[in-house]
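# Secondary and tertiary structure notes
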Amino acid sequence: MRFGLCCLFVAEPVTFRATTAKALSALSRRDALAKASAVCLHNAQNLLLAVRTAHRLGIGAFRIMSPLFPRMTHPEVGYNLEDLPDAGAIARNMADVRDFARARDVRLSFHPDQFVVLSSPHAHVIESSVRELDYQAFLADLTGADVINIHAGGAYGDKAAALKRLAAVVRDLPEGVSSRLTLENDDVTYSVRDLLPVCGELGLPLVYDVHHHRCNPDGLDEAEATTLAAATWKGREQYCHVSSPREGWKNKPKPHADYIDPADFPACWLGRTMTVDVEAKAKELAVVRLMRDLAPPA
């Protein structure tokens with residue numbers, strides 16, 4: 001079993017920078033590209049540091065932040081890598097990330113933001129979602145990431161119709177996206193039971209989030225859901241998510257806690273070959289603590 005860290009660190013000296021469309025639009029095109037280039041180079045350098053740091057801590061997977069190259073897909077201030085003054089250095093750092101991750105078997109993934117919704121009835125939402133997924137696939141090509149994980153989105157009053165729209169969009173996605181795309185059960189709308197037929201129809205792996213399953217149960221127990229989700233990976237290493245509720249299961253269970261309560265880790269997962277992203281506010285501290293808590297006695 002490998003444990004994954006999501007995007008950021010709280011104690012290690014790894015930082016990522018951002019910029020806004022407003023900030024870039026206030027500059028000349030040349031200056032805006034220079035600013036974006038500096039941010040992207042910093043982020044590429046720190047992504048390499050992040051993957052090296054995760055490996056040093058014994059963390060076997062890392063979720064790369066979606067806005068690694070901020071505003072790249074923006075319709076007005078967006079840019080291509082080759083537009084940036086530091087394009088060569090950025091590309092070399094990304095290649096170093098890919099090579100290091102492959103050599104040390106650190107699994108890399110992406111989890112686009114919630115605005116990526118392939119079940120939307122609105123064409124402009126689909127268009128922006130596909131554009132974002134193309135960008136994520138571009139980053140995945142650079143880094144060797146094998147997973148781009150999304151939620152199914154809203155039901156819009158008709159779950160079946162929404163999932164049909166999602167399926168139609170997925171069938172038209174470029175191979176660089178579709179070969180990495182996964183669906184995750186959520187805590188409100190789409191359960192494991194809802195998504196399994198869609199995953200089977202489209203050949204998409206299901207990322208099983210056990211916290212979401214506890215918030216949005218569907219009659220399957222955790223062992224059943226884990227096994228059924230594993231089958232959708234078709235020989236690839238299964239991906240799952242775990243988290244603990246900040247205020248306990250009886251109050252508002254959806255917000256994530258700083259750390260994982262070992263009692264929230266499914267017993268049926270122990271001993272399985274799988275990747276488990278630890279979704280906790282304490283980031284690498286939470287991953288390391290969970291690995292320690294679950295380690296067999298010496």
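Below, the structure is looked at part by part. (Residues numbered from 1 in each chain as written. Predicted model: local features only at pLDDT ≥ 70, side-chain atom pairs only at ≥ 80, totals over all residues. Heavy atoms only, no water.)

## Here we look at the packing of helix α2 (residues 29-56) against helix α3 (residues 87-104)
So the rule is basically this: As a rule, the C-alpha atoms of each element are fitted with a line to give its axis, helices using only the stretch in contact, and angles between N-to-C directions run from 0 to 180 degrees. In this description a helix means any DSSP run of H or I spanning at least four residues, a strand means any run of E spanning at least two, and both kinds are numbered starting from the N terminus. For classification, angles of less than 35 degrees are called roughly parallel, those exceeding 145 degrees roughly antiparallel, those between 65 and 115 degrees roughly perpendicular, and all remaining angles oblique. Less than a right angle of anticlockwise turn of the near helix away from the far helix marks a crossing as left-handed, whereas a clockwise turn marks it as right-handed. Whether two residues are in contact is decided by their heavy atoms, any of which lying within 4.5 Å being enough. Under the scheme applied here, ten amino acids are nonpolar (Ala, Val, Leu, Ile, Met, Phe, Trp, Tyr, Cys and Pro), four are charged (Asp, Glu, Lys and Arg), and all others, including Gly, are polar.
Relative to each other, α2 and α3 sit at 15 degrees, their axes nearing to 9 Å. Between α2 and α3, the crossing angle belongs to the class labelled roughly parallel. For the pair α2 and α3, the crossing hand works out as left-handed. Taken together, the residues of α3 that come into contact with α2 (itself represented by Ser-37, Cys-40, Leu-41, Ala-44, Gln-45, Leu-47, Leu-48, Val-51, Arg-52 and His-55) are Ala-89, Ile-90, Asn-93, Met-94, Asp-96, Val-97, Phe-100, Ala-101 and Arg-104. Looking at side-chain class alone, the contact of α2 with α3 contains twelve nonpolar, four polar and three charged residues.

## Structural notes on helix α7 (residues 192-202)
Basically, it comes down to this: Accessibility here uses a 1.4 Å probe with only protein chains present; expressed as a share of the type maximum, an area under 20% marks a residue as buried, one over 50% as exposed, and anything in between as partly exposed. Polar contact criterion, stated in full: a pair of N or O atoms within 3.5 Å, where within protein one must be able to donate a hydrogen and the other to accept it, and residues adjacent in sequence count only if both atoms are side-chain atoms.
Those residues of α7 not exposed but buried are Val-192, Leu-195, Leu-196, Val-198, Cys-199 and Leu-202. Those residues of α7 hidden inside the fold are in contact with α5 (159-171), β5 (181-184), β6 (206-209), α8 (210-215) and α9 (222-231). N-capping of α7 is provided by Ser-191, with a side-chain oxygen placed 3.4 Å from the backbone N of Arg-193. With its phi angle positive at about 70 degrees, Gly-203 sits one or two positions after the end of α7.

## A short note on the side chain of Ser-109
Considering the arrangement of structural elements, one finds Ser-109 in strand β3 (residues 107-110). By relative accessible area, which is 2% here, Ser-109 ends up buried. Setting aside residues up to four positions removed in sequence, Ser-109 forms contacts with Phe-62, Arg-63, Ile-64, Ala-145, Val-147, Tyr-239 and Asp-277.

## What to know about the pattern of salt bridges
Put simply, the rule reads: Throughout this description, the term salt bridge denotes a Lys or Arg side-chain nitrogen within 4 Å of a carboxyl oxygen of Asp or Glu.
Applying the stated criterion across every chain, the model contains 15 salt bridges. Between Glu-237 and Arg-2 there is a salt bridge, and its shortest N-O distance comes to 2.8 Å. Remark: Arg-2 occurs in strand β1 (residues 2-6) and Glu-237 occurs in the loop between α9 and β7 (238-242); sequence separation between them is 235 residues. The class for Arg-2 is buried, based on a relative accessible area of 14%. On the basis of relative accessible area, Glu-237 is assigned to the partly exposed category, the value being 21%.

## Re the pairing of strand β4 (residues 147-151)
Selection rule: Note on pairing: two strands pair once DSSP finds at least 2 bridges between them. Here, the term right-handed applies to a crossover whose path from the first strand over the helix to the second runs clockwise when the strands point away from the viewer.
With five of five residues buried, β4 lies mostly within the body of the structure. Alignment of β3 against β4, held across two bridges, turns out to be parallel. By the bridge assignment, Phe-110 is partnered in β4 with Ile-148. In this region the chain leaves β3, passes through helix α4 (residues 123-143) and returns to the parallel neighbour β4; the handedness of that crossover is right-handed. Sheet topology places β4 next to β5; four bridges connect them, and they run parallel. Of the residues in β5, the one forming a bridge with Ile-148 is Leu-181.

## Quick notes on the packing of aromatic side chains
Worth spelling out the cut-off: Pairs were defined over the aromatic rings of Phe, Tyr and Trp, the Trp ring being its six-membered one, requiring ring centres within 6.5 Å. Orientation was assigned from the angle between planes: stacked under 30 degrees, edge-to-face over 60, tilted for the rest. Here, a charge over a ring means that NZ of Lys or CZ of Arg falls within 6 Å of the ring centre while also lying within 35 degrees of the ring normal.
Summed over all chains, the structure comprises four aromatic pairs. Their ring planes at 45 degrees and their centres at 6.0 Å tell us that Phe-3 and Phe-265 sit as a pair that is tilted. One end of the pair, Phe-3, is in strand β1; the other, Phe-265, is in the loop between β7 and β8 (274-278), with 262 residues separating them in the sequence. With centroids separated by 6.0 Å and ring planes inclined at 25 degrees, the aromatic side chains of Phe-9 and Phe-62 adopt a geometry described as stacked. One end of the pair, Phe-9, is in the loop between β1 and α1 (21-25); the other, Phe-62, is in strand β2 (residues 61-64), with 53 residues separating them in the sequence. An aromatic cluster is built from Phe-3, Tyr-208, Phe-265 and Trp-269, whose rings are joined through pairwise contacts. When the ring centre of Tyr-259 is taken as origin, the NZ or CZ atom of Arg-289, which lies over that ring, is 3.7 Å away.

## Side note on the nonpolar core
The cut-off we apply is this: What is meant by a nonpolar core is a set of buried Ala, Val, Leu, Ile, Met, Phe, Trp, Tyr and Cys residues, joined one to another through side-chain atoms within 4.5 Å.
Leu-68 and Phe-69 are the most contacted members of the largest nonpolar core, which has 86 residues in total. Considering every element that reaches this core, the biggest residue donor is α2, with ten residues. Ignoring sequence-local partners within four residues, the contact set of Phe-69 consists of Cys-40, Tyr-79, Ile-90, Met-94, Tyr-135, Phe-138, Leu-139 and Leu-142. By size, the runner-up hydrophobic cluster in this structure holds five residues, among which are Val-147, Val-207, Trp-233 and Tyr-239.

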